[in-house]
Amino acid sequence: QVQLVESGGGLVQAGGSLRLSCAASGRTFIRYGMAWYRQAPGKDREFVASISWDGRVTNHADSVSGRFTIYRDNAKNTVYLQMNSLKPDDTAIYYCRSDSGEWGQGTQVTVSS
């Protein structure tokens, strides 16, 4: 079983950058693909990006493509989401998820205009 803890959220102005981290416990982290999702107030949780267990295959939602990048460091049991050119519409709670089914508790990202 994998336990996930997100960090790196905060308040940033439009056009700014943040890097989110998702630290996983457990030796099985390397076996699983990982993903980031987000949920804005009053909206459903939506997919942001995913990465294969070895980092070779990534997918990004159209809404973040070219601005966000998912990557991972298996030696550190951590997956990252680099977010550039942030927009107010990116304001949400960001969650990481393991393909084993676990979710983190989320980290708040707020982008001011």
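Residues numbered from 1 in each chain as written. Predicted model: local features only at pLDDT ≥ 70, side-chain atom pairs only at ≥ 80, totals over all residues. Heavy atoms only, no water.

Caption draft 1: Broad picture of the overall build of the protein chain. Along its length, the protein chain carries 0 helices and 10 strands. Counting helices and strands in the order they occur from the N terminus, the protein chain gives β-β-β-β-β-β-β-β-β-β. Overall size of the protein chain, expressed as C-alpha extent along the three principal axes, is 40 × 25 × 20 Å. Expressed as a percentage of the 113 residues in the protein chain, the buried residues total 42%. If you take every contact in the protein chain between residues at least 6 apart in sequence, the share linking residues at least 24 apart comes to 53%. For the protein chain, the accessible surface area stands at approximately 6100 Å², while carbon and sulfur atoms represent 45% of it. (Helix = DSSP H or I, 4+ residues; strand = E, 2+ residues; numbered from the N terminus. Buried < 20%, exposed > 50% of the residue type's maximum accessible area, 1.4 Å probe, protein only. Contact = heavy atoms within 4.5 Å. Areas by Shrake-Rupley, 256 points an atom, 1.4 Å probe, with all protein chains shown as cover.)

Caption draft 2: Seen up close, the pattern of salt bridges. Tallied over the full model, the rule gives 4 salt bridges. Note that Glu46 and Arg38 form a salt bridge whose closest N and O atoms lie 2.6 Å from each other. Relative accessible area serves as the criterion here: at 35%, Glu46 is assigned to the partly exposed category. Under the relative-accessibility criterion, Arg38 is labelled buried at 6%. (Salt bridge = Lys/Arg side-chain N within 4 Å of Asp/Glu carboxyl O.)

Caption draft 3: Main features of the packing of aromatic side chains. Within the structure shown, the criterion is met by 4 aromatic pairs. Ring geometry for Tyr37 against Phe47: centres 5.8 Å apart, planes inclined by 80°, an arrangement best described as edge-to-face. Of this pair, Tyr37 sits in strand 4 (residues 34-39) while Phe47 sits in strand 5 (residues 46-51), and the two are 10 residues apart along the sequence. Centre to centre, the rings of Tyr95 and Trp103 are 6.4 Å apart; their planes meet at 85°, and the pair counts as edge-to-face. Judged by its relative accessible area of 11%, Tyr95 falls in the buried class. Following the ring pairs from residue to residue traces out a cluster consisting of Tyr37, Phe47, Tyr95 and Trp103. The ring of Tyr95 has Arg45 lying over it, and the distance from NZ or CZ to the ring centre is 3.8 Å. (Phe/Tyr/Trp six-rings, centres within 6.5 Å; stacked < 30°, edge-to-face > 60°. Lys NZ or Arg CZ within 6 Å of the ring centre and 35° of its normal.)

Caption draft 4: Fine view of the sheet that holds strand 8 (residues 78-83). Overall, antiparallel pairing links the 4 strands, which are arranged 1-3-8-7 in an open sheet. This sheet does not close on itself; its edge strands, each paired only once, are strand 1 (3-7) and strand 7 (68-73). Taking each pair of neighbouring strands and ignoring which way they run, the sheet shows an average axis angle of 15°. The pairing of strand 3 (residues 18-25) with strand 8 spans 6 bridges and is classified as antiparallel. Paired with Leu18 across the two strands is Met83, which belongs to strand 8. (Pairing = 2+ DSSP bridges. Axes fitted to C-alpha atoms, helices over the stretch in contact; angles between N-to-C directions.)

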